[in-house]
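Structural description and commentary
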Amino acid sequence: MESGAVYHATTEPEAPRRRPFGCTLRHLWGWRLVAKVVQAIFSFVAVLCEEIVDDCITCGGLYFFEFISCSAFLLSLLILCVYCTNLYESLGKDKVQKL
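In this text the structure is predicted, and so the values were computed from the model without any measurement. (Residues numbered from 1 in each chain as written. Predicted model: local features only at pLDDT ≥ 70, side-chain atom pairs only at ≥ 80, totals over all residues. Heavy atoms only, no water.)

Taking the numbering used here, the UniProt-annotated feature "transmembrane region" (unreviewed entry) corresponds to residues 29-49 and 61-88. Along residues 61-88, the helical share is 89% and the strand share 0%, with 36 Å between the first and last C-alpha atoms. (UniProt positions renumbered as here; feature names shortened; annotations may be inferred. Helix = DSSP H or I, 4+ residues; strand = E, 2+ residues; numbered from the N terminus.)

The following block contains the structure:
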């Protein structure tokens, strides 16, 4: 038996490398990615601006604005996390569209 006869190239394909945290831009790219990032930034700035207000006479509108801006920030982060990670494949396209 030859010394190299035992060692042959494997027939299994090499597994693709995984990125850290499963980050991918396959499902959200181009102007949609830019729009979601800008939306997250603006909603975060809105939350910060709302927190600066110390005193208000009628605070109902301010509380409503706080709720809307915080909700928009959290939902835009959720959308970015779903579309830019492997969570999109694990949930499935149908479930993501329902969400």
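Turning next to helix α2 (residues 60-83). Its 24 residues place the ends of α2 35 Å apart at the C-alpha level, agreeing with the 34 Å of an ideal helix rising 1.5 Å per residue. Of the residues making up α2, those classed as buried are Ser69, Phe73, Ser76, Leu80, Val82 and Tyr83. At its buried positions, α2 is contacted by α1 (31-52), α3 (87-91) and α4 (93-98). (Expected span 1.5 Å × (residues − 1). Buried < 20%, exposed > 50% of the residue type's maximum accessible area, 1.4 Å probe, protein only. Contact = heavy atoms within 4.5 Å.)

A few words on the packing of α1 against α2. Two numbers describe how α1 lies on α2: the axes approach to 8 Å, and their chain directions differ by 150 degrees. One finds that α1 runs roughly antiparallel with respect to α2. For α1 against α2, the interelement crossing comes out left-handed. Note on element contacts: α2 touches α1 through Leu62, Phe65, Glu66, Ser69, Cys70, Ala72, Phe73, Ser76, Ile79, Leu80 and Tyr83, opposite Arg32, Leu33, Lys36, Val37, Gln39, Ala40, Ser43, Phe44, Ala46, Val47, Glu50 and Glu51. Counted by class, the contact of α1 with α2 contains 14 nonpolar, four polar and five charged residues. (Axes fitted to C-alpha atoms, helices over the stretch in contact; angles between N-to-C directions. Parallel < 35°, antiparallel > 145°, perpendicular 65-115°, else oblique. Left-handed = near helix turned anticlockwise from the far one by under 90°. Nonpolar A, V, L, I, M, F, W, Y, C, P; charged D, E, K, R; others polar.)

A separate point is the state of the cysteines. Counted under the stated rule, the structure contains one disulfide. With a sulfur-sulfur separation of 1.7 Å, Cys56 is cross-linked through a disulfide to Cys59. Since a negative S-S torsion denotes a left-handed disulfide, the Cys56-Cys59 link at about 105 degrees is right-handed. When its relative accessible area of 31% is taken as the criterion, Cys56 is described as partly exposed. (Disulfide = S-S within 2.5 Å.)

The end-to-end C-alpha separation of α1 is 32 Å, in line with the 32 Å expected for 22 residues at 1.5 Å each. For α1, every residue scored as buried is listed here: Leu33, Ala40, Ser43, Ala46, Val47 and Glu50. When α1 is viewed along its axis, its buried side chains cluster within an angular range of 155 degrees and face the same direction. Of the exposed residues in α1, those oriented more than 90 degrees away from the buried face are Trp31, Val34, Phe42 and Ile52. Residues of α1 that are buried sit in contact with α2. (Arc of directions from axis to C-beta.)

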